[in-house]
Amino acid sequence: MMKFRFRRQGNDPQREKIKQDLFAFNKTVEHGFPNQPSALAFDPKLRLMAIGTKSGAVKVYGAPGVEFTGLHKETATVTQMHFLPGQGRLLSLLDENSLHLWEINVRDGYSHLEECRSYILPGRPGFDSANTPASMTRVTVILLKESCDMACVGTEGGGVYFLDLPSMMLLENQSLFQDEIMQSVPDDYKCGKALGPVESLQEHPLSPDKILIGYSRGLVVLWDHSTRVVDSHFLGNQQLESLSWERSAKNFVSSHSDGGYMVWSTSSGSSMTYQPATSIIPYGPFPCKAINKILWRTSSAGSPFVLFSGGMPRASYGDRHCVTVLQEKTQVTLDFTSRVIDFFTVHSTAAEDEFDDPSALVVLLEEELVAIDLQTTGWPTIPSPYLAPLHSSAITCSYHISNVPAKLWERIIGAGEVQNPQQAHMKWPVNGGKSLAPEPIQKGLLLTGHEDGTVRFWDASGVSLKPLYKLNTAIIFHTDCEHNDSLTQPGEEEWPPFRKVGCFDPYSDDPRLGIQKISLCKYSGKLVVAGTAGQVLLMELNDDKSEHMINISTVDLLQDREGFTWKGHDRLAPKSGPVCFQPGFQPSILVQCMPPAAVTAVTLNAEWNLIAFGTSHGFGLFDYLRRSPVLARCTLHPNDSLAMEGPLSRVKSLKKSLRQSFRRIRKSRVSGKKRVAINSPTSKVQEANAHLAEQAGPHDVEVAPVQRRIEPRSADDSLSGVVRCLCFADTYLRDSAHHGPTMWAGTNSGSVYAYALEVPSQEKFSEHSVEAVLGKEIQLMHRAPVVSIAVLDGRGNPLPEPYEVSRDLAKAPDMQGSHSVLIASEEQFKVFMLPKVSAKTKFKLTAHEGCRVRKVALVNFVSASAEEYTENCLVCLTNLGDIHVFTIPGLRPQVRYDCIRKEDISGIASCVFTKAGQGFYLISPSEFERFSLSARFITEPVCAVETDRSHDCTQLSTPNSIQANGTHKLLPSSERSSLGEAQGALEDVQTALSSSGLDSPNSSADITLDTTGDITMEDVKDYLMSTDEAERNLKNMTEEDARTPGILIN
């Protein structure tokens, strides 16, 4: 086989300089809630909070924008974390029994989180370490002395060890073992039983040398560390869970495994206390679960606060996840939907204050973080500025809008405020540190569609992903399980007094409600939301409450095609009569696709009042001003029986599977010898593809590029009619002299349909209806699914969005030069000239890399050194998790980055790009990883925390092992380029651009033209040109085929 390569030898240094100013890959920040949290800590002096996870991550949060992320070298669960108050130091314990000291240090004017030291407890001195179980020194509890110079470590063997801080050196001569305690315990209490593991260590509030030590068996002792003497014994007989001091140190409270707690007095002066002053089982008398943790906080207003987790009646409510807040006669059982990990109170810690006066309760749950205002009557929830549970209902799709207009932004915020009126008077209590990041120049919106039919709007402008507004589409349908608010409201006499708290709700009323596609026009406030049951909703932003009926229109995409019977789920039944809607996005039209299959593509053009939508059966066009369908096209192939079964009832018979498998084997053998015959135009248009790009699984393992050969896909496979992409464009489709509105649709089988639209002028919208005429029909030879379609103007730039030109928000497109259409399939990118649809250039990604395209976007990259210089590029993400950047329309490869693990199928499927060169993808069900491809626009935490340290810790980590904010490492301030200091940068760029045409970004000469296989030409049908013109084109094509294909692009 022959290969023709036209490539300029060597790299142009000027072009390389431009690329450095345009492109830079950084993973910058993680948005959302940490996956699988396992530990919690709070610094009351610095007002910082830390969360540890089961994967070994440490995340520190302060005021919005103040975030630090670190990762232990060991992939182990973080079981405990403790701040050294005021020092910016954090001690973490892993489940493999190692202790790690972290520091927030300042470098180049910014604070960074770094691991400083680690330590593992040795075996007990004097004992044979080989015969001593490792569990004897397994750490069960850690106490940091208020002086921050010592850590007390309790173990499973009952010993207490003391570590010097911050050196993490073991003070061997100060260790305390059980036998030393047992010497002072009464004989009748010993009973030949060990005391068990150390369950709790609490420092005496007034005497720092004294430590309250609680053992699992129930014994609590007050140990004087300076004299090494037990001052008092508290002989409990119930298994101990936790201890907490009362501020005056006259009492302490202990919680136990039977669901009760006891109050012990320390002011009696007796060295032996056999009975507590008070013993209570709050939810007795029936057997209750253990109270895992308890806190006692005094209040200047009167009775103290008692807060504890667990303690629920085992038989009735043993499966509930609760934290109880008790003050005198007021008791509330906070009922959460996920497991309680830990909690703390924000209260006064100053020595001169007489009372704790707790202001807030912060609870870390397995799936969310909840803060309660304890100063406001009713104890309302405090809205969180970050750590919102993105997965409160499973995310099904996402959509990003860049550069949101100020008016739309204010209206969305206003709707959100009406939806969630402020009840708590207290501001977010975790507000330490200071964000040094500049205010974002533009506002960015991230919209997430969810399984329960909601669309959530997030402020994605900065480091913190803040919830703004929630849209619920379920209220307009009758679902399988209607909401019953009475079930969630406690009755007057209900006990325990449950109160539902938090927003995590993983259960969907009806899977058909799931949101599949979203499209928003930021200038008109129009929103299109499409779901799993073929529902397409047009929403309009309204600042006032409204009650109205929804106009319903049904579009039959099968077009009376015979031989097909829908076997999937039914459509959602809309409610009859007027529906009440709160301020915000309110539905006005429901377009129901029939059959009610999941919507796979949707787009909106508010300037033309049109919505286009597609499913696995075809696509439709709807005029929402006249409320009438314009077009319905069926894309089903006769063999698309799988498309009729629906995603909720997809079952294939074994007999059919075997038959199809043998058919594929037979065809693959034939295709190696001769080109596959294409019998009819219908088979060219309607093709086969066995899977959607988003549903690609681990079985899609690609062989090496050298071994792989691209072959035409069979037209017998299922799901070939799935519509993958839709777009509107004002371009040349009829002829080169007249441009007009068009609509383009791409399918799973490599078919592209282009329609010429007759859209009446604004004045005649009400008089004339929109008409659609099929203009072109393109069949990609290898039948690869079409991922994206974009029309480029005469300069090779993407066409502006609706209203941008008419409102002077963007430059008018070049309508003088020849337009082109960029068609991106799973295997290659190809640019066709319009209106003749003649191939201009292409890049066959699969042939070179052995991968398939999953996500595609057109991005405008701005130079970091010269704001005036920009380039429009094609960005693509493949199934291998790497990102490629190409120039347009030349399709010259620029850079390639490894972004996502190829095994992370859900992460690849969830990726969404922004128009400024950033992106988001799910690294867990609850977290988005944010990354940047642009050297200019980087959204990352840049912050500072002022610490007060009496000692300096000698850093053991090397600069290369530093784990800073996110995974992006900040350059030193001397190297960080200032946008205003680049002298002559623009001149350098212009000089570089004036160099050889082979190195210009729009050049297509540097493309490898691979002719290893058959030279393929796309099948293009033109339904608009005359007979004479068709004959001339056919004659020209025949002459071209007779020539030597020197640089023919196949």
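In this text, all values refer to a predicted model and were calculated from it rather than measured experimentally. (Residues numbered from 1 in each chain as written. Predicted model: local features only at pLDDT ≥ 70, side-chain atom pairs only at ≥ 80, totals over all residues. Heavy atoms only, no water.)

## Topic: the overall build of the protein chain
(1) Moving on: In terms of helices and strands, the protein chain carries 12 helices and 68 strands.
(2) Moving on: The 1050 residues of the protein chain split such that 55% are buried.
(3) Moving on: For the protein chain, the proportion of contacts with a sequence separation of at least 24, taken over those separated by at least 6, is 63%.
(4) Moving on: Entry remark: accessible area of the protein chain is about 45,500 Å², with carbon and sulfur atoms responsible for 49%. (Helix = DSSP H or I, 4+ residues; strand = E, 2+ residues; numbered from the N terminus. Buried < 20%, exposed > 50% of the residue type's maximum accessible area, 1.4 Å probe, protein only. Contact = heavy atoms within 4.5 Å. Areas by Shrake-Rupley, 256 points an atom, 1.4 Å probe, with all protein chains shown as cover.)

## Section: the packing of aromatic side chains
(1) Moving on: Enumeration over the complete set of coordinates arrives at 27 aromatic pairs.
(2) Moving on: Ring centres 5.6 Å apart and planes at 20 degrees place the aromatic pair Tyr 61 and Tyr 386 in the stacked group. Here the residue Tyr 61 occupies a position in strand 5 (residues 57-61), and Tyr 386 occupies one in the loop between strand 31 (381-382) and strand 32 (395-401), the gap between them amounting to 325 residues.
(3) Moving on: Three or more aromatic residues joined by ring pairs make a cluster, and in this case those are Phe 25, Tyr 897, Phe 913, Tyr 921 and Phe 931.
(4) Moving on: The ring of Tyr 803 carries the charged tip of Arg 807 above its face, separated from the ring centre by 4.4 Å. (Phe/Tyr/Trp six-rings, centres within 6.5 Å; stacked < 30°, edge-to-face > 60°. Lys NZ or Arg CZ within 6 Å of the ring centre and 35° of its normal.)

## A word on the sheet that holds strand 57 (residues 829-833)
(1) Moving on: Ordered by their spatial adjacency, 4 strands build an open sheet running 55-56-57-58, and the pairing between neighbours is antiparallel. Every other strand in the sheet has two partners, leaving strand 55 (786-792) and strand 58 (838-843) as the edge strands with one partner each. Averaged over all adjacent pairs, the angle separating strand axes in this sheet is 20 degrees, with direction ignored.
(2) Moving on: As judged from the 5 bridges shared by strand 57 and strand 58, these two strands associate in the antiparallel manner. Within strand 58, the residue paired with Phe 829 across the bridge is Phe 843. (Pairing = 2+ DSSP bridges. Axes fitted to C-alpha atoms, helices over the stretch in contact; angles between N-to-C directions.)

## Observations regarding the pairing of strand 49 (residues 618-623)
Taken residue by residue, a regular strand's side chains alternate between the two faces of the sheet.
(1) Moving on: Of all 6 residues in strand 49, 6 are buried, a share of seventy percent or more.
(2) Moving on: Of the two faces of strand 49, the one lined by Gly 618, Gly 620 and Phe 622 and the one lined by Phe 619, Leu 621 and Asp 623 are each fully buried.
(3) Moving on: In terms of strand pairing, strand 48 (residues 610-614) meets strand 49 through 5 bridges, oriented antiparallel. Bridge assignment links Ile 611 to a residue of strand 49, and that residue is Phe 622.
(4) Moving on: Between the end of strand 48 and the start of strand 49, which pair antiparallel, lie 3 residues.
(5) Moving on: Where strand 49 folds back on strand 50 (residues 628-634), the antiparallel hairpin that results is connected by 4 residues, among which Arg 627 adopts a positive phi of roughly 55 degrees.

## A word on unusual backbone geometry
(1) Moving on: Across the junction of Met 594 and Pro 595, the peptide omega takes the value 0 degrees, indicating a cis bond.
(2) Moving on: Relative to the helices and strands, Pro 595 is located in the loop between strand 46 (584-594) and strand 47 (601-605).
(3) Moving on: Here the bond from Leu 834 into Pro 835 is cis, since omega is 10 degrees, no more than 30 degrees from zero.
(4) Moving on: Looking at where Pro 835 falls in the secondary structure, it is placed in the loop between strand 57 and strand 58.
(5) Moving on: A positive phi angle, close to 75 degrees, is found at Asn 97, a residue other than glycine.
(6) Moving on: Structurally, Asn 97 can be placed in the loop between strand 8 (89-94) and strand 9 (98-107).
(7) Moving on: Of note in the backbone geometry, Leu 891 takes a positive phi value of approximately 60 degrees without being a glycine.
(8) Moving on: Tracing the backbone shows Leu 891 in the loop between strand 61 (882-887) and strand 62 (893-898).

## Remarks on the sheet that holds strand 48
Backbone hydrogen bonds are what pair the strands of a sheet, in a parallel or an antiparallel way.
(1) Moving on: Within the open sheet, the 4 strands sit side by side as 47-48-49-50. Their pairing is antiparallel. Two strands lie at the open edges of the sheet, namely strand 47 and strand 50, each paired on one side alone. Along the sheet, successive strands turn relative to each other by an average axial angle of 10 degrees, direction set aside.
(2) Moving on: Pairing between strand 47 and strand 48: 5 bridges, direction antiparallel. Across the sheet, Val 602 pairs through a bridge with Phe 613, a residue of strand 48.

## As for the pattern of salt bridges
(1) Moving on: Inspection of the entire model under this criterion finds 25 salt bridges.
(2) Moving on: Residue Glu 114 is joined to Arg 107 by a salt bridge in which the shortest nitrogen-to-oxygen separation is 3.2 Å.
(3) Moving on: A relative accessible area of 2% places Glu 114 in the buried class.
(4) Moving on: Of the residues examined, Arg 107 reaches a relative accessible area of 28% and is grouped as partly exposed.
(5) Moving on: In this structure, the salt-bridge partner of Arg 320 is Asp 335, at a minimum N-O distance of 2.7 Å. With a gap of 15 residues between them, Arg 320 in the loop between helix 4 (314-317) and strand 26 (321-327) and Asp 335 in strand 27 (residues 330-336) connect regions that are remote in the sequence.
(6) Moving on: The class for Asp 335 is buried, based on a relative accessible area of 2%.
(7) Moving on: Among the charged side chains, a network of salt bridges with common partners joins Glu 30, Lys 59 and Glu 927. (Salt bridge = Lys/Arg side-chain N within 4 Å of Asp/Glu carboxyl O.)

## Section: the UniProt feature "repeat: WD" (unreviewed entry) in the protein chain
(1) Moving on: With numbering aligned to this structure, UniProt lists the feature "repeat: WD" (unreviewed entry) at residues 445-459.
(2) Moving on: The straight-line gap between the two end C-alpha atoms of residues 445-459 is 5 Å; of that span, 0% is helix and 80% is strand. (UniProt positions renumbered as here; feature names shortened; annotations may be inferred.)

## Points about helix 1 (residues 13-22)
(1) Moving on: Where helix 1 is concerned, the buried positions are Arg 15, Ile 18, Lys 19, Asp 21 and Leu 22. For helix 1, the buried positions fall inside an angular range of 160 degrees around the axis, keeping them on one side. Facing away from the buried side of helix 1, by more than 90 degrees, are the exposed residues Pro 13 and Gln 20.
(2) Moving on: Of the residues that open helix 1, the one with a side-chain oxygen 3.1 Å from the backbone nitrogen of Gln 14 is Asp 12. (Arc of directions from axis to C-beta. Polar contact = N/O pair within 3.5 Å; in protein donor to acceptor, adjacent residues only side chain to side chain.)

## So, the nonpolar core
(1) Moving on: Core analysis: the largest hydrophobic core is formed by 33 residues, its most contacted members being Leu 445, Leu 447, Phe 457, Leu 471, Leu 527 and Phe 585.
(2) Moving on: Broken down by element, this core gets its largest block of residues, 4 residues, from helix 5 (residues 406-419).
(3) Moving on: Residues in contact with Leu 527, not counting those within four places in the same chain, are Leu 447, Phe 457, Leu 471, Ile 518, Ser 519, Leu 520, Leu 537, Leu 538, Met 539 and Phe 585. (Core = buried A, V, L, I, M, F, W, Y, C linked by side-chain atoms within 4.5 Å.)

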